[in-house]
Amino acid sequence: MILYTVVGNGYKDLSQLESLEDVHVYVNLTNRCPCACTFCLRQTKTMEEGHSLWLKEEPSVDEVIQEFQKYDLDDFAEVVFCGFGEPLERVDDVVQIAGILKHFRRDLPIRINTNGLGNLIHERDITPQLKGRIDVVSISLNAPDANEYYELTRSRFGVQSFEAMLDFARLCRPYVPQVVMSVVDIIGEEKIKKCQKICDDLGVTLRVRPFEE
Ligand code: SF4
């Protein structure tokens, strides 16, 4: 499933929707990720066949564009790069696809949901590539300190991942109109306050999401 949307707690292929008006379209580009988060559905592999975000093969840029060509971009509320993996593993393809979509609809809002480790993955600063292509970057902050973050994400880059993720948020700011960091509400008020302070210091927005089983 390359293009999908979220319905309740499930995922639905775009082709199965009766109406596409105001739909939030998710692009599933890769299952690769440097993390192995304790809460990630990637660990469980329990997705139903046919509704699966597991990719047999990563779609090429052409294949993704061909999927978009089946629809009217004007119907969409937003396009979000987010799947069962880290979209910025394929940063070059993400910005190429976003550029093509913006060419056909300049005001189409485009977001990336990311773990914020793109600069570690590519061993360079990728944030300038996002300029003019991406409207919102939403980074999973997860926790207010490096050790807890590492325990949760089990990033292959180790405990340095937390600082790199914060740096990524800071570096995105000149290039991306809206930089958001997210946590789930189950971490509790005290940790949410610490996360708010981190976001205030970085000059980005904190989003507290409700926890879903
Ligand atoms: S960063 Fe996202 S895709 Fe990667 S393991 Fe964590 S929750 Fe899953």
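Every value quoted in this text rests on a predicted model; they were computed, and no experiment measured them.

Colleague: Which residues make up the site of the ligand, and what values go with them?
Modeller: Contacts to the ligand come from Cys33, Cys35, Ala36, Cys37, Phe39, Cys40, Arg42, Gly85 and Asn115. Per-class residue counts for the shell around the ligand are six nonpolar, two polar and one charged.

Colleague: Go over unusual backbone geometry, please, and point to the residues and values.
Modeller: Unusually for a residue other than glycine, Glu123 sits at a positive phi of about 55°. Within the secondary structure layout, Glu123 lies in the loop between helix H3 (118-122) and strand S6 (136-140). The exposure class assigned to Glu123 is exposed, which follows from its relative accessible area of 75%. Although it is not a glycine, Asn142 adopts a positive phi angle of roughly 70°. Tracing the chain through its elements places Asn142 in the loop between S6 and helix H4 (146-153). For Asn142, a relative accessible area of 13% puts it in the buried group.

Colleague: Please provide a residue-by-residue account of the pairing of S6, values included.
Modeller: Remark: a regular strand shows side chains that alternate across the two faces of the sheet. Extensive coverage of S6 is indicated by the burial of four of its five residues. When strand S5 (residues 110-114) meets S6, the two strands line up parallel, connected through four bridges. Looking at S6, one finds that Arg111 is bridged to Val136. Inspection of the sheet shows S6 paired to strand S7 (residues 178-184) by five bridges, in the parallel sense. Pairing of Ser140 across the sheet is with Ser182, part of S7.

Colleague: I'd like a rundown of the pattern of salt bridges, residues and numbers included.
Modeller: By the definition in use, this model includes twelve salt bridges. Asp107 is paired through a salt bridge with Arg105; the nearest N and O atoms lie 2.8 Å apart. A residue is classified by how much of its surface remains accessible, and Asp107, at 55% relative accessible area, is exposed. Residues Asp201 and Lys197 are paired through a salt bridge, measuring 2.8 Å at the closest nitrogen-oxygen approach. With a gap of four residues between them, Asp201 and Lys197 both fall in helix H6 (residues 189-202), about one helical turn apart. When salt bridges that share partners are traced, they join Arg32, Glu58, Glu89, Arg90 and Asp93 into one network.

Colleague: Give a description of helix H2 (residues 91-104) that names residues and reports values.
Modeller: The first and last C-alpha atoms of H2 sit 20 Å apart over 14 residues, in line with the 20 Å expected at 1.5 Å per residue. Looking only at H2, the buried set comprises Val91, Val94, Val95, Ile97, Ala98, Gly99, Leu101 and Lys102. Buried residues belonging to H2 abut helix H1 (61-68), strand S4 (76-81), S5 and H3.

Colleague: Describe the pairing of strand S2 (residues 10-13), and please don't skip the residues or the numbers.
Modeller: One ladder, built from four bridges, connects strand S1 (residues 3-7) with S2; its direction is antiparallel. In the strand pairing of S2, Val7 is matched with Gly10.

Colleague: Any details on the sheet that holds S6? Residues and values, ideally.
Modeller: Backbone-to-backbone hydrogen bonds join strands into a sheet, with any given pair of strands oriented parallel or antiparallel. In space, the eight strands of this open sheet follow the order S2-S1-S3-S4-S5-S6-S7-S8, with mixed pairing throughout. Edge strands, defined here as strands with exactly one partner in the open sheet, are S2 and strand S8 (205-209). Recorded for the sheet is a direction-independent mean angle of 30° between the axes of neighbouring strands. Pairing geometry for S1 and strand S3 (residues 23-27), over two bridges, is antiparallel. Directly across from Leu3, in S3, lies its bridge partner Val27. Each of S5, S6 and S7 is contacted by helix H5 (residues 161-172), which is oriented at about 165° to S6, the strand it contacts most. Packing of H6 onto the sheet brings it into contact with S7 and S8, and relative to S8 it is tilted by some 155°.

Conventions and cut-offs
Residues numbered from 1 in each chain as written. Predicted model: local features only at pLDDT ≥ 70, side-chain atom pairs only at ≥ 80, totals over all residues. Heavy atoms only, no water. Near = heavy atom within 4 Å. Nonpolar A, V, L, I, M, F, W, Y, C, P; charged D, E, K, R; others polar. Helix = DSSP H or I, 4+ residues; strand = E, 2+ residues; numbered from the N terminus. Buried < 20%, exposed > 50% of the residue type's maximum accessible area, 1.4 Å probe, protein only. Pairing = 2+ DSSP bridges. Salt bridge = Lys/Arg side-chain N within 4 Å of Asp/Glu carboxyl O. Expected span 1.5 Å × (residues − 1). Contact = heavy atoms within 4.5 Å. Axes fitted to C-alpha atoms, helices over the stretch in contact; angles between N-to-C directions.

The analysis is restricted to geometry; functional conclusions fall outside its scope.
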